[in-house]
Every structure is written in structure tokens, then in C-alpha cells.
Amino acid sequence: MSNVRILVACKRVVDYAVKIRVNAAGTAVETANIKHSMNPFDEIGTEQAIQIKEALAKAKGNAEVVVVSCGPAKAQETLRTALAMGADRAIHVETNDELQPLAVAKLLKAVVEKEKPNLVILGKQAIDDDSNQTGQMLAGLLNWPQATFASKVELTDAAMTVTREVDGGVETIKTTLPAVLTTDLRLNVPRYASLPNIMKAKKKPLAKFTVADLAVDIKPRLETLKITEPAKRQGGKIVESVDDLLDKLKNEAKVL
Amino acid sequence: MSQPSRHRVIALYKQLSYLGREYPAGSDFFHKKLKSAFLKNKDLKDPAEIQKRIDLGDYVCKEIEAMYHINKYRAMKKRYYEDHEAESLQQKLESKWASSEGTPLKK
């Protein structure tokens, strides 16, 4: 393989270390003034694309890594992070509307048709809505083969061998290219963008599109009825005696 | 500080300062330590000695990056993977990292 273009989709999500709070109305998660970062699974996807690029560079091949993100203006921070990791250029599809997986898949399809990549890499799911749908939907819309939950990827000429994480083991599949790949946690160790690279990333090209440019219908198909926090864990109790314990198990825990 | 390594030391300080923003014990805690660690060596004159300190700084950078990665990795694992498979794989990976990165360093 000599010339490859890899498209990586990245989502800006609430940072994994932040404690999630539901807003007072119970309609959404609080996102104002909260630390955001790149979805960890997308970081793994970006790293995989860069590793493919580096491996090809050694074999005198050429690869271009294009990162794309859909969302509000701040999604550019996420794109800059990906550029600092080593991506070549970025595409930002700007919208302030709510984006559901189907809408993102449609937007990505439009971007794929513009960019014509050989491989599209996505994280298997975002850690905010945990949908695990976008990659699969994109493959469906494009009518491309998909390799989901990848824990190992080998590229050869116009084909790709992927080891997938499935229930109770792994599965190895071979697909033709172009294809859609979604990453699992154990695929690789994402690199940390160094400060000089972050500075350099500011000069890398970032193209902006609006939803209207791509002519995609992003109307939500699902309605969120209510969001609630998980039940609070109740504290433990110290029991005085065996009888006390039996009594509590019978009457309070109702397990006997 | 001798002139040739001046740029290198400043870059190292900036990189560590940047890394410290996400430090679990708080960025204030980290920056105090960082500043005192650099001030302690401000009078070094021997180039070999300065190089040794710079190498140590690079090593600390790598360790902090590895720590951030492991924290994130563990959080993801706890949220999305079942315990029994997680444990065995975690052990496998950690032994792999340990062999490639050496032992954690106390700052």
C-alpha cells in the first residue's frame, strides 16, 4: 500500500475524571464550565491512524491522517489535540444542535464522500452517551465492511486483518478496504501530545463546514424523556449479634 | 545555569508545567514542587551534572504521561469491562508496561 488516507472521527466529551451531574430539570447532564476532553476511545483511534502512518512511512509509503469532529465551536479543541498527536489536518462540522448517532453517521458519510478515505476509524463508543452506534451506522450508510471492537489491526494491500473483542474471547476477521474500523480499549496506548506539538498543531489546516454545506438532515429521531442519577449507595451497618444479623437479613434486606 | 542548556531547561520546565495541569493531587501542589525542584538546581555549573538533571526531568515527564494513561485506562476498564477478564488482562498489560518503562519514580 503506498497512498492511504485515513479518516478518524473524534468526539469532545466531558472528561472521564469529572463527576457527572444531572441538571435540576432532569433533562440533561451539566456541561457548562466542566472540563472536556477527547473521547478516550477516539484517542485510541487517532493513535492507531498515526501508527499506521508511521509504519507506512518506514516502508516508503504515504498516509494522510484526517481527523473530523461534529459539534459546537469548542470541538476544535479536540481536533487540535488530535493534530498535536500527529494527525495531518482536521475537518470541523459546526453545529450547536443536538447530534444523535444517526445524524453524526450521516454527516460523516458526507465527509467520507468528500475525502474518499481508504479507512475510517472511530472509537467504539463515546463515554458520554455510550451509544455504540455511529461506526456501525456509518458502515451501513456507506455500504462498507465494518470491523468493530478492534484490539489488533494489520493492514496489507487493499485488505485488513482485525482481531475483535467479542464475548468470552476474540475473533479474527479479514475485510477488504475501504472499511470502517471501531476501536476497543486494548488496541494501543495513545500518546500524550507534547507542548511543542500542541504549538505546532495550531498551524495545521482546519477546514470548517456547516451542516447546510453537507446537506444532511440532522433532525433528532429519538426523544430523551428523563435523565436521572444512579441510586445512591447506602452505607453499611454494624450488627450487634447473630440474632440481630438474622433479623436484619429477614426484615430489612429481605434475603432470607 | 550555563548558556547552551538554557533553552533545553526552559522547554523542560514548560513541558512539566503543562503536564502538571492535570495532576491528580492538584496543579497547585504540582507547580510548587516543580518550582522548588528547579530552584534547588539553579546554581549547577557542571555540564555533565546539568545533563543528568535534564535526563531525570525527561524521565519524570514519561512517568507522568504513563500515570495519566494508566489512570484513564483503569477508569475505562472499571466502567466498561467485567471484573474477572479485566483483572487478568490488567495484570498482563501492567507487567508489559513495567518491563518497557522501568519502575515508577518518586519525585
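Cut-off values and rules
- Every residue gets a number counted from 1 within its own chain, in the order that chain's sequence is written.
- Numbering of ligands from 1 and lettering of chains from A proceed in the order in which they are written.
- In keeping with the model being predicted, local features are shown solely for residues with a pLDDT of at least 70 and side-chain atom pairs are shown and tallied solely at 80 or more, while totals for entire chains, interfaces and linings include all residues.
- With hydrogens and water stripped out, all remaining heavy atoms of the structure feed into the side-chain values.
- Runs of H or I in DSSP of at least four residues are treated as helices and runs of E of at least two as strands, each being numbered from the N terminus.
- By this rule, a helix spans an expected 1.5 Å times one less than how many residues it contains.
- UniProt positions are given in the numbering used here, feature names are shortened, and annotations may be inferred rather than shown by experiment.
- Contact definition: two residues touch when any of their heavy atoms are within 4.5 Å.
- For any pair of parts, buried area is found by adding up, for both, the accessible area (1.4 Å probe) each one loses once the two are put together.
- Salt bridges are defined as contacts in which a side-chain nitrogen from Lys or Arg sits within 4 Å of a carboxyl oxygen from Asp or Glu.
- Here a polar contact is recorded for every N or O atom pair within 3.5 Å, except that within protein the pair must consist of a potential hydrogen donor and a potential acceptor, and residues adjacent in sequence are included only if both atoms are side-chain atoms.
- Residue classes follow a fixed rule: Ala, Val, Leu, Ile, Met, Phe, Trp, Tyr, Cys and Pro count as nonpolar, while Asp, Glu, Lys and Arg count as charged, and any other residue, Gly among them, counts as polar.
- Only rings of Phe, Tyr and Trp enter the pairing, Trp through its six-membered ring, and a pair is recorded when the two centres are within 6.5 Å. The plane angle decides the type: under 30 degrees is stacked, over 60 is edge-to-face, the rest tilted.
- Throughout, exposure labels follow a simple rule: accessible area from a 1.4 Å probe, protein chains only, divided by the maximum for the residue type, with under 20% read as buried, over 50% as exposed, and the rest as partly exposed.
- As a reminder, the over-ring test applies to NZ of lysine and CZ of arginine, requiring each to be within 6 Å of the ring centre and within 35 degrees of the ring normal.
- Pairs of strands are assigned from DSSP output, requiring at least two bridges between the strands.
- Only C-alpha atoms enter the line fits that serve as axes; for helices the fit covers just the stretch in contact. Angles between N-to-C directions range over 0 to 180 degrees.
- In what follows, roughly perpendicular refers to angles from 65 to 115 degrees, roughly parallel to angles under 35, roughly antiparallel to angles over 145, and oblique to any angle outside these ranges.

Attention now goes to helix α1 (residues 40–58) of chain A. Every α-helix winds through 3.6 residues per turn, so residues three or four apart in the chain are directed the same way. The first and last C-alpha atoms of α1 of chain A sit 27 Å apart over 19 residues, in line with the 27 Å expected at 1.5 Å per residue. K60 of chain A, located one to two residues past α1 of chain A, shows a positive phi value of around 60°.

A few words on the UniProt feature "domain: Complex 1 LYR protein" (unreviewed entry) in chain B. Annotation from UniProt places "domain: Complex 1 LYR protein" (unreviewed entry) at residues 8–58 of chain B. Here residues 8–58 of chain B is 75% helix and 0% strand, with 11 Å between the C-alpha atoms at its ends.

Turning our eyes to something else, we now look at the interface of chain B and chain A. Across the boundary between the two partners, chain B contributes 21 residues, which contact 21 residues of chain A. Among the residues chain B hides against chain A, the three largest losses belong to K72, Y80 and Y81 of chain B. Together they make up 32% of the total. Our count for the chain B to chain A interface comes out at two salt bridges. Taking the shortest distance from any N to any O, the salt bridge between E22 of chain B and K35 of chain A comes out at 3.7 Å. Counting every contact that joins chain B to chain A gives nine residue pairs in polar contact (both at pLDDT 80 or more). Sorting the residues of the side of chain B that touches chain A by element identifies α1 (6–19), α3 (47–80) and α4 (83–101) of chain B as the ones contributing at least two each. No other element matches the 11 residues that α3 of chain B contributes to the side of chain B that touches chain A. Its residues assigned to classes, the side of chain B that touches chain A comprises 11 nonpolar, three polar and seven charged.

Taking 1.5 Å of rise per residue, the 15 residues of helix α3 (residues 101–115) of chain A would be expected to cover 21 Å, and the 20 Å separating its terminal C-alpha atoms lies within 8% of that figure. Contacts made by the buried residues of α3 of chain A are with β1 (3–9), β4 (62–71), β5 (89–94), β6 (119–123), α4 (134–142) and α6 (211–214) of chain A.

What follows concerns the packing of aromatic side chains. Within this structure, the stated rule accounts for six aromatic pairs over all chains. Centre to centre, the rings of Y23 of chain B and F29 of chain B are 6.1 Å apart; their planes meet at 15°, and the pair counts as stacked. Judged by its relative accessible area of 40%, F29 of chain B falls in the partly exposed class. Among the aromatic residues, ring-to-ring pairing joins Y192 of chain A together with Y18 and Y68 of chain B into one connected group. Over the ring of Y81 of chain B we find R186 of chain A, and its NZ or CZ is 4.8 Å from the ring centre.

The UniProt record annotates "domain: Electron transfer flavoprotein alpha/beta-subunit N-terminal" (unreviewed entry) at residues 26–218 of chain A. Between the end C-alpha atoms of residues 26–218 of chain A there is a gap of 24 Å, over a span that is 34% helix and 32% strand.

Residue and element names in this part refer to chain A. In this structure, T81 sits in helix α2 (residues 75–85). Since its relative accessible area comes to 33%, T81 is described here as partly exposed. Once the C-alpha coordinates of T81 and E43 are considered, the two residues, 38 residues apart in sequence, prove to be 9.2 Å apart. Those residues in contact with T81 that lie beyond four places of it in its chain are M38 and A193. Within polar-contact distance, the side chain of T81 engages the backbone oxygen of E77 at 2.8 Å.

For the rest of this paragraph, the subject is the sheet that holds strand β7 (residues 146–156) of chain A. Residues and elements named next belong to chain A. On the basis of which strands lie adjacent, the open sheet formed by nine strands has the order β9-β8-β7-β10-β6-β1-β4-β5-β11 and mixed pairing. At either end of the open sheet lies a strand with only one pairing partner, and these are β9 (169–176) and β11 (206–210). Strand-to-strand, the axes of this sheet are offset by a mean angle of 30°, without reference to chain direction. Two strands pair when backbone bridges link them, and β7 and strand β8 (residues 159–166) are joined in this way by six bridges, in the antiparallel orientation. Across the sheet, residue T156 finds its bridge partner in β8, namely A159. The sheet contacts of α3 involve β1, β4, β5, β6 and β11, and relative to β4 the element is tilted by about 145°.

On to the pairing of β8 of chain A. All names here are of chain A. Here β8 lies mainly inside the structure; six of its eight residues are buried. Joining the antiparallel neighbours β7 and β8 is a turn of two residues, in which A158 adopts a positive phi near 55°. The pairing of β8 with β9 spans eight bridges and is antiparallel. The residue of β9 that forms the bridge with E165 is V170.

A separate point is the packing of α1 of chain A against α3 of chain B. Put simply, α1 of chain A and α3 of chain B touch, their axes get as near as 11 Å, and they point 120° apart. By the angle between their axes, α1 of chain A is oblique relative to α3 of chain B. In this structure, α1 of chain A contributes P40, F41 and E43 of chain A to the contact, and α3 of chain B contributes K72, M76 and Y80 of chain B. A breakdown of the residues in the contact of α1 of chain A with α3 of chain B according to their chemical character gives four nonpolar, no polar and two charged.

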